[in-house]
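Residues per chain, in single letters:
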Amino acid sequence: MKLQVAALVLLSIIGCKQKEEKENTQKSVNIESSVAMESEKTFFYVGTYTDGASEGIYKYSLGADGKLAKDKLVAKTESPSFLTFSEDKKYLLAVNELTEGTVSSFKISQDSLQFLNKKPSGGMHPCFVVSNEEGFVLTANYSSGNLGLLKLKEDGNLTDLLDTHQHKGKGAHERQDGPHAHSVWLEPTQNDIIEVDLGTNELWFSEIDAALKKIKPKSVPNLAFEDGTGPRHMAFNPNGKWAYVYGELNNTITVLSIGEKGNYKVENTYSTLPEDFEGENTGADIHISSDGKFLYASNRGHNSIVIYKVNEDGSLNTIGYESVRGDGPRNFSLSPDGSYLLVANQYTDNIISFKRDTNTGLLTFVDEIEAPSPVCILF
C-alpha cells in the first residue's frame, strides 16, 4: 500500500512538473510571438492641428500587412503641423503653426517624446522645418513670408533665433498678395537652401554660412513659375538630374532639370487632375519612390493621389488616380521600405493605408484609422 501511495505521489509530482514546463514553454512562445509581432511594426508620428479634438503629436504603427494601429499621444503641444527628425534621429522638431510661430524640440525615447524647449521660428505661421547634419534648423514661415534659422545644441535644445531671410514680391493670384514661404529644402548639399515661396511664385536660392550662422542669399536669380502656379513643395529624383515642384494654386507639377552647376531650368508642366474634373482643388504634398520610377501627389478637392510614371528623361506619364477615402489629404508619406503609402486626411480625421505595387506604382486600399486633424506623417 505504501508503495502504491509513493508511486501516486511521484506520478503527481512528474505531472505537475510537466504541466509547469508546458506552461513555461507556452509563455516563452507567447513572448517570442509578441516580440516578433512588435518587430514587424513600423512606428510613425502624426502632426496635427489642435483647434479641435487633437492635443498634439501622436504615435501610430504600420504592420507588415499594412494594418494601422494607434499607440498614444506622445506630446502635448499647440498645432504641430509639420515634423522632422534631427540628422542623428535623436530628436524630433515640430513647428507650432501659430501667429507667433515657434519651433519645439523633443528627445525621442521608446515610449514618449520628452519636451526640451521651444523658440520663436522668426515669423508667423511656420509650416515647414528641416535640420541639417551640423544641427542648423530652418523654418518656412508662411504668413510673414520668410525663413528662420536656429540651431540644435548637443543636448537637443534649440538656440535662440540666429537669423531670418525675408522674401519680397507678389504674384498674379489673389492668394499671392505678398510672400508666403511654404517649404525649404537642403539641396544639393546640406548647406544649400532652396526656398519655395507660394506668394512670390518663385524659388529662392541661398546657403547657410556656418561660420557666421547666417542665411546668405546666392548671387543667382530666383526661378519664376507660370503666373498663378503657387509653388508649395518639391521632390527630387534620386538620380540628381530632375526636381518636381507642386503648384498648389494651378494644380500642376513642374519638371525642373538640374544642371552640372546646380542651376534649375523649367522643362515641362503636368496637370494633377483628370480632364473632366470641374470642382475646386488645391495641390498639397508630393513624393517620389526611392527608385525614382514613380511620382505621387495629393489633390485636395478631387481628394485623390495622382500617380505618375517617371520616364528616363524626367518627363511624366499619368497612370492613375486613387481616392484617398476622405477629405483634405494635406500630407502623405511612403513607408521606409516603399511598400505602403499613408495619407493624412485633415478634414475627415482619418489616416488611410495603401499597398504600393513597386512594379506598376499603383495603389490598393488596405486599412483606415481615426486620427484628429492629421496633417503630417513622419516615419
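Everything numeric here is computed off the predicted structure, so don't read it as measured data.

### What about the overall build of the protein chain?
Part 1 of the argument: Check the secondary structure of the protein chain and you find 1 helix and 29 strands.
Part 2 of the argument: When each of the 379 residues of the protein chain is scored for burial, the buried share is 53%.
Part 3 of the argument: The long-range fraction of contacts in the protein chain, counting pairs at least 24 apart against all pairs at least 6 apart in sequence, stands at 45%.
Part 4 of the argument: Accessible area of the protein chain: about 18,000 Å², with a carbon and sulfur share of 49%.

### Focus on the nonpolar core
Part 1 of the argument: In this structure, Ile57, Leu92, Leu138, Leu203, Met234 and Leu256 are the most contacted members of the largest nonpolar core, which totals 47 residues.
Part 2 of the argument: Not counting residues up to four positions away in its chain, the partners in contact with Leu256 are Leu203, Leu223, Phe225, Met234, Lys241, Trp242, Ala243, Val245, Tyr264, Lys265, Val266 and Glu267.

### Thoughts on the sheet that holds strand β18 (residues 242-247)
Part 1 of the argument: With antiparallel pairing, 4 strands are arranged side by side in an open sheet as β17-β18-β19-β20. A strand with exactly one partner marks an edge of an open sheet, and here the two such strands are β17 (231-236) and β20 (264-271). On average, adjacent strands in this sheet sit at an angle of 25° to one another, irrespective of strand direction.
Part 2 of the argument: Of the pairings in the sheet, the one linking β18 to strand β19 (residues 252-258) comprises 6 bridges and is antiparallel in character. For Trp242, the partnering residue across the bridge sits in β19 and is Ser257.

### Quick look at the environment of Ala75
Part 1 of the argument: Inspection of the secondary structure assignment puts Ala75 in strand β3 (residues 68-76).
Part 2 of the argument: We classify Ala75 as buried; its relative accessible area is 5%.
Part 3 of the argument: Counting along the chain gives 17 residues from Ala75 to Tyr58, while the straight-line C-alpha distance between them is 7.0 Å.
Part 4 of the argument: The contacts of Ala75, once residues within four sequence positions are left out, are Glu55, Gly56, Ile57, Phe106 and Leu113.

### What to know about the side chain of Thr48
Part 1 of the argument: With respect to the helices, strands and loops of the structure, Thr48 is situated in strand β1 (residues 42-48).
Part 2 of the argument: Here the side chain of Thr48 touches Gly56 through a polar contact of 2.7 Å, landing on its backbone oxygen.
Part 3 of the argument: Other than its neighbours up to four places away in sequence, Thr48 contacts Ser54, Gly56, Tyr58, Ser79, Pro80, Ser81, Pro372, Ser373, Pro374 and Val375.

### Brief notes about the sheet that holds strand β26 (residues 340-345)
Part 1 of the argument: The 4 strands lie next to each other as β25-β26-β27-β28, forming an open sheet whose pairing is antiparallel. In this open sheet, the two strands that pair with only one neighbour each are β25 (329-334) and β28 (363-370). Recorded for the sheet is a direction-independent mean angle of 20° between the axes of neighbouring strands.
Part 2 of the argument: In the sheet, β26 pairs with strand β27 (residues 350-356) via 6 bridges, with the strands oriented antiparallel.

### Observations regarding unusual backbone geometry
Part 1 of the argument: Cis rather than trans, the peptide bond between Glu187 and Pro188 has omega equal to 0°.
Part 2 of the argument: Within the element layout of this structure, Pro188 appears in the loop between β12 (181-185) and β13 (192-197).
Part 3 of the argument: The backbone phi angle of Ser79 is positive, close to 35°, even though this residue is not glycine.
Part 4 of the argument: Relative to the helices and strands, Ser79 is located in the loop between β3 and β4 (82-85).
Part 5 of the argument: The class of Ser79 is buried, set by a relative accessible area of 8%.
Part 6 of the argument: Positive phi, close to 50°, is recorded for Asn303, a residue that is not glycine.
Part 7 of the argument: By the secondary structure assignment, Asn303 is in the loop between β22 (294-300) and β23 (304-310).

Rules and cut-offs
Residues numbered from 1 in each chain as written. Predicted model: local features only at pLDDT ≥ 70, side-chain atom pairs only at ≥ 80, totals over all residues. Heavy atoms only, no water. Helix = DSSP H or I, 4+ residues; strand = E, 2+ residues; numbered from the N terminus. Buried < 20%, exposed > 50% of the residue type's maximum accessible area, 1.4 Å probe, protein only. Contact = heavy atoms within 4.5 Å. Areas by Shrake-Rupley, 256 points an atom, 1.4 Å probe, with all protein chains shown as cover. Core = buried A, V, L, I, M, F, W, Y, C linked by side-chain atoms within 4.5 Å. Pairing = 2+ DSSP bridges. Axes fitted to C-alpha atoms, helices over the stretch in contact; angles between N-to-C directions. Polar contact = N/O pair within 3.5 Å; in protein donor to acceptor, adjacent residues only side chain to side chain.

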